[in-house]
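Architecture at a glance
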Amino acid sequence: KLTESSGILYPYYFGDDPHVKLKNIKNIQSKTGDIFLCSYPKSGTHWIMEMVNMLVSGSTEHPQKFNFLDPMIICDQVLDSVPCPRIFQSHLRFNQLPASFLKRKGKIIYILRNPKDISVSLYHFVQKEGRIKYTGKWDEFFQLFVNGKVGYSSWFDHVASWEREKEKGRHPIHFVFYEDLKEDAVRELDRINKFLSLNHPNSFLQSVAECSTFTKMRKQKYLYHPFPAEVMDENYVDFLFRKGTVGDWRTLFSEEQNMQLEEVYETEMFDSKLRFSYG
Ligand code: A3P
């Protein structure tokens, strides 16, 4: 069900030829104040989307729209209907974002999560996602994950490419770790507050953290989400908001798998300065 373009695998919503959609995304005309929230899948994207929407709107109202760019229909009519400042979410790499957005040096928040929890979260997701309905066993899926044979390809490559881009220091990119959000959401919100040049008081940041907890978000209904209707059926909360913990990898990983992932990490991320906590 995955399609390939320039060595990267894409999920079904990129169509038969991902190159077409990627080109359309590249050509989107950016607007002043556009913000991108980028991540590898299952890194906590919905959570950060909820919080950044609240920070930008200055209200703890649950956002009514989820502008996940990748499955959206990329046309002026749809993009212009998104209220400004537009907050888009995407799983693409830095150099795949709209050229005009990169040129105007729009702000990007990149959320990261440890690869062990991501692999487990993704495994549950692909089993339940209405168009994917993956039926393989965990051991098989684990090999696909470590070898980058999943949607958006290798986690290692994704994260390393974003880290390189951030290190160049040419573009405003802010990194947020899922595990840090779990540890102290208000502290991380304050960093985002400063990065986005917002001046919310600490009391508001606390309200945002309280209104976007896992339990609160699970109860919300997303009135609009660009996934196809059959994917957003009544079970969608179970895969979008499944467990929300750090360390769930222990429920599926064998000792050998743990060693294998750590070896691949050492090889692929040998020059990375990133450090993840695994719970
Ligand atoms: P689990 O499958 O481990 O529970 P994404 O939004 O990028 O698809 O990431 C999904 C993961 O983020 C899921 O992880 C989900 O439960 C978790 N998540 C979503 N909202 C959360 C929240 N408010 N707090 C903590 N984790 C959350």
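Basis of the calculations
Residues numbered from 1 in each chain as written. Predicted model: local features only at pLDDT ≥ 70, side-chain atom pairs only at ≥ 80, totals over all residues. Heavy atoms only, no water. UniProt positions renumbered as here; feature names shortened; annotations may be inferred. Helix = DSSP H or I, 4+ residues; strand = E, 2+ residues; numbered from the N terminus. Rg over C-alpha atoms; globule rule 2.2 N^0.38 Å. Buried < 20%, exposed > 50% of the residue type's maximum accessible area, 1.4 Å probe, protein only. Contact = heavy atoms within 4.5 Å. Near = heavy atom within 4 Å. Polar contact = N/O pair within 3.5 Å; in protein donor to acceptor, adjacent residues only side chain to side chain. Areas by Shrake-Rupley, 256 points an atom, 1.4 Å probe, with all protein chains shown as cover. Nonpolar A, V, L, I, M, F, W, Y, C, P; charged D, E, K, R; others polar. Pairing = 2+ DSSP bridges. Axes fitted to C-alpha atoms, helices over the stretch in contact; angles between N-to-C directions. Salt bridge = Lys/Arg side-chain N within 4 Å of Asp/Glu carboxyl O. Phe/Tyr/Trp six-rings, centres within 6.5 Å; stacked < 30°, edge-to-face > 60°. Expected span 1.5 Å × (residues − 1).

The name recorded for the protein chain in an unreviewed UniProt entry is Sulfotransferase domain-containing protein, from Potamilus streckersoni. Regarding the protein chain, the relevant UniProt record gives this comment under Sequence similarities (unreviewed entry): "Belongs to the sulfotransferase 1 family."

**Let's talk about the overall build of the protein chain**
Helix and strand counts for the protein chain come out as 13 helices and six strands. The C-alpha atoms of the protein chain give a radius of gyration of 18 Å, which matches the 19 Å a tight globule of 279 residues would have. Dimensions of the protein chain, computed from the C-alpha atoms along their principal axes, are close to 50 × 45 × 40 Å. Out of the 279 residues in the protein chain, the part that is buried amounts to 56%. Restricting the contact set of the protein chain to residue pairs at least 6 apart, pairs at least 24 apart contribute 73%.

**Some details on the site of the ligand**
By nearness alone, 18 residues border the ligand, and T45, S121, Y178, K243 and G244 come closest of all. In the model, an oxygen atom of the ligand is placed 2.9 Å from a nitrogen or oxygen of the K42 side chain. A distance of 3.1 Å separates an oxygen atom of the ligand from a polar atom in the backbone of G44. Taking 570 Å² as the accessible area of the ligand by itself, protein coverage stands at 98%. Secondary-structure elements contributing two or more residues to the shell around the ligand are α2 (45–57) and α11 (214–219). If you tally residues by element for the shell around the ligand, the top one is α2, at three residues. Considering only residue class, the shell around the ligand consists of six nonpolar, eight polar and four charged.

**Focus on the sheet that holds strand β5 (residues 107–112)**
The strands making up a sheet associate through backbone hydrogen bonding, with each pair oriented either parallel or antiparallel. An order of β4-β3-β5-β6 is seen for the four strands of this open sheet, with the pairing classed as parallel. Two strands bound the open sheet, and with one partner strand each, they are β4 (87–90) and β6 (173–177). Across the sheet, the mean angle from the axis of one strand to that of its neighbour is 20°, orientation sign disregarded. Pairing geometry for β5 and β6, over five bridges, is parallel. The residue of β6 that forms the bridge with L112 is F177. Strands in contact with α2 are β3 (35–39), β4, β5 and β6; relative to β4, the strand with the most contacts, it is inclined by about 170°.

**Comments concerning the pattern of salt bridges**
Evaluated as defined, the whole model comprises 12 salt bridges. Two residues, K168 and E165, come together in a salt bridge whose shortest N-O distance is 3.2 Å. Pair noted here: K168 and E165 are both in helix α7 (residues 155–168), with a separation of three residues, about one helical turn. Residue E165 is classed as buried on the basis of its relative accessible area, which comes to 13%. Taking the shortest distance from any N to any O, the salt bridge between D248 and R242 comes out at 2.8 Å. Exposure remark for D248: the relative accessible area of 6% places this residue in the buried category.

**Regarding the environment of L92**
Within the secondary structure, L92 is located in the loop between β4 and α4 (99–103). A C-alpha to C-alpha distance of 7.9 Å links L92 and Y40, two positions 52 residues apart in sequence. If near-sequence neighbours (up to four positions away) are discounted, L92 is found in contact with Y10, F14, L22, I25, D70, L97, Y152, H158 and W162.

**Thoughts on the packing of aromatic side chains**
How two aromatic rings sit relative to each other is set out by the distance from centre to centre and by the angle between their planes. A full pass over the atoms with the stated rule returns 28 aromatic pairs. Between F142 and F253 the ring centres are 5.3 Å apart and the planes differ by 80°, which places this aromatic pair in the edge-to-face class. In this pair, F142 is assigned in helix α6 (residues 138–146) and F253 in the loop between α12 (236–240) and α13 (255–268), connecting sequence segments 111 residues apart. Owing to a relative accessible area of 0%, F142 belongs among the buried residues under this scheme. With centroids separated by 5.4 Å and ring planes inclined at 80°, the aromatic side chains of W249 and F253 adopt a geometry described as edge-to-face.

**Some details on α7**
Over its 14 residues, α7 runs 20 Å from end to end, which matches the ideal 20 Å to within 8%, given 1.5 Å per residue. Buried within α7 we find W155, F156, H158, V159, A160, S161, W162, E163 and E165. The inward-facing, buried residues of α7 contact β3, β5, α5 (115–128), α6, β6 and α13. Measuring from the backbone nitrogen of F156 back to the side-chain oxygen at the start of α7 gives 3.1 Å, which picks out S154 as the cap. Following α7 by one or two positions, G169 adopts a phi angle in the positive range, close to 70°.

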